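Descriptive analysis of the structure
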Amino acid sequence: MNRYEYSRRYRSRRRKRRLKRATVILGCAALFFICGTGAAVWGKKFLDGRFPLPSSATTAGPEASDALPEGLPGGSASPGEEFPGGDDQAPDISIPEETGLEGAVPGRPAFPDTPAGRLLAQADLLAAGYDYDRAIEVLQSDPSLASDPDIMAAIAGYEATKATLVKASVSKITHVFFHSLVADNAKAFDGDEDEPGYNQVMTTIGEFNKILNTMYEKGYVLVRLHDMAYETTDENGKTVMKPGTIMLPEGKIPFVMSQDDLCYYPYMDGDGFATRIVIGEDGYPTCEMKMDDGSTATGDYDLVPILERFIQEHPDFSYKGARAVLAFTGYEGILGYRTSSAYVDSPTYEQDRQDAARVAQCLKDHGWELASHSWGHLDLGTVEIERFHADTDKWEDQVDSLIGPVDIILYPFGADVGDWHPYTTENERFNYLYACGFRYFCNVDSNPYWVQIGDNYMRQGRRNLDGYRMWKDITAEDPTKRKLDDLFRAEDVFDPDRPTPVPEM
């Protein structure tokens, strides 16, 4: 039984109870419409508590970057036109007709299993993610239902709620990031040579869950980098980058999330981490993990399935279906598959490449943004220029060829190819990356937000939410040195299984 289904017996029992109520409601709705007050009453009766009315929503400066140095073995320790709606990349959200509609998503309203009910259920889920335009389009998709009182009232309710939305300030959007989550604390923090690195730059699943819940309670809403800014053509035919338009209820706070090194490197085997991303039986991305007895289990062992499930249960945590940005290196392969040319002689090489490509497409289909973390996890700001070029070319040849072109690069170690001043054509490294198709460039910065939208690119600072950063907050004697309080209190999140003190990086 998946999240869209209730048992037939339970559905039948509820339908009988609702049939009586439906007769009364429809009669009342008709009377209200005749009197000219139907939409308002429907909005009061059905929208209250379902689509919360806004309650106040929130240039980067030249602050120094809080770049994270290399710390883990294997060099893997780094801490359409009007696109603002995100419609070109937003995943389809639909309710399978054959499953019925009651309880389609936990906590969401139930609708009758009728043509109108199916449209209302699909629109409800879209509206929960603040996509009122698409919700209205769904309700208007069947002309034969245009005069249905519930359809008409729902449209009026969405239009009224949409009118109350507030435009978010793109320049004040924070971006948080993680590495692979620790699924088994005892294995990660077992005192071996890898423990200090894990303790510094990794986050445990327990911490991640607390962070999600706290940020949700504070009103944070996940948005895409492509929601923040989009590439378009100006009146002169020149390709330019424009700030996006993000409309949210007052009091909601947009933010971006990303995950680095989603590769599951060989050195992590047996240390309490997932081993790869796979496609679950429900068609959604999930994780595999090797168990002590040698078997393989499938479940919520890392950020992707945990965040996916959280958004399914709290659709208002995601703006128009947004998910996180997932960044790969290429030298060991991606997503836990050994797709690097170093494994060309492996008997599973071709199968790994096919499987990785399928999983990457699944991720994109469900709203995840994919990104480069360079091929070899290099400091792209200081590495020799010849190696810089070779590394970027390897990314295109060995990773782009699997997942399709990406336009986002998350700099390893947070090391940018320039200082805080805007990029210019005199910057050879920026020029090369731009020529390779990159438009979104993210470094590391501990400030709440750092956003720079140039003529043809967008740049954003990211904040590491890991053991090192949380320990720095907990031990800060000067309150002004605490960097996470706008998101959560580190003391409330910090995993008691972590060895302390967390070593300096």
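Quick caveat, the model's predicted, so the values are computed rather than measured. (Residues numbered from 1 in each chain as written. Predicted model: local features only at pLDDT ≥ 70, side-chain atom pairs only at ≥ 80, totals over all residues. Heavy atoms only, no water.)

Bringing unusual backbone geometry into the picture now. The phi angle of most residues is negative, glycine excepted, and most peptide bonds adopt the trans form. The omega torsion across threonine 500 and proline 501 is 0°, close enough to zero to call that bond cis. A positive phi angle is found at leucine 335, which is not glycine, with a value near 60°. Within the secondary structure, leucine 335 sits in the loop between strand E13 (325-328) and helix H11 (349-365). With relative accessibility at 0%, the residue leucine 335 sits in the buried group. (Helix = DSSP H or I, 4+ residues; strand = E, 2+ residues; numbered from the N terminus. Buried < 20%, exposed > 50% of the residue type's maximum accessible area, 1.4 Å probe, protein only.)

Where helix H3 (residues 115-128) meets helix H5 (residues 149-162), the axes come as close as 10 Å, and the angle between the chain directions of the two elements is 10°. For the element pair H3 / H5, the angle class is roughly parallel. Note on element contacts: H5 touches H3 through Asp150, Ile151, Ala154 and Tyr158, opposite Ala116, Leu119, Leu120, Ala123, Asp124 and Ala127. Of the residues in the contact of H3 with H5, the class split is eight nonpolar, no polar and two charged. (Axes fitted to C-alpha atoms, helices over the stretch in contact; angles between N-to-C directions. Parallel < 35°, antiparallel > 145°, perpendicular 65-115°, else oblique. Contact = heavy atoms within 4.5 Å. Nonpolar A, V, L, I, M, F, W, Y, C, P; charged D, E, K, R; others polar.)

Before going further, it helps to spend a moment on the pattern of salt bridges. In total, this model carries 19 salt bridges according to the counting rule given. For aspartate 260, the salt bridge goes to arginine 462, with nearest N and O atoms at 2.9 Å. One end of the pair, aspartate 260, is in the loop between strand E9 (253-259) and strand E10 (276-279); the other, arginine 462, is in strand E18 (residues 458-464), with 202 residues separating them in the sequence. According to the relative accessible area criterion, aspartate 260 is buried, its value standing at 0%. For arginine 462, a relative accessible area of 0% puts it in the buried group. Between aspartate 300 and arginine 309 there is a salt bridge whose closest N-O contact spans 2.7 Å. On the basis of relative accessibility, which here comes to 28%, the residue aspartate 300 falls in the partly exposed class. When its relative accessible area of 44% is taken as the criterion, arginine 309 is described as partly exposed. Through salt bridges with shared partners, one network takes in Arg482, Asp485, Arg489, Glu491 and Asp492. (Salt bridge = Lys/Arg side-chain N within 4 Å of Asp/Glu carboxyl O.)

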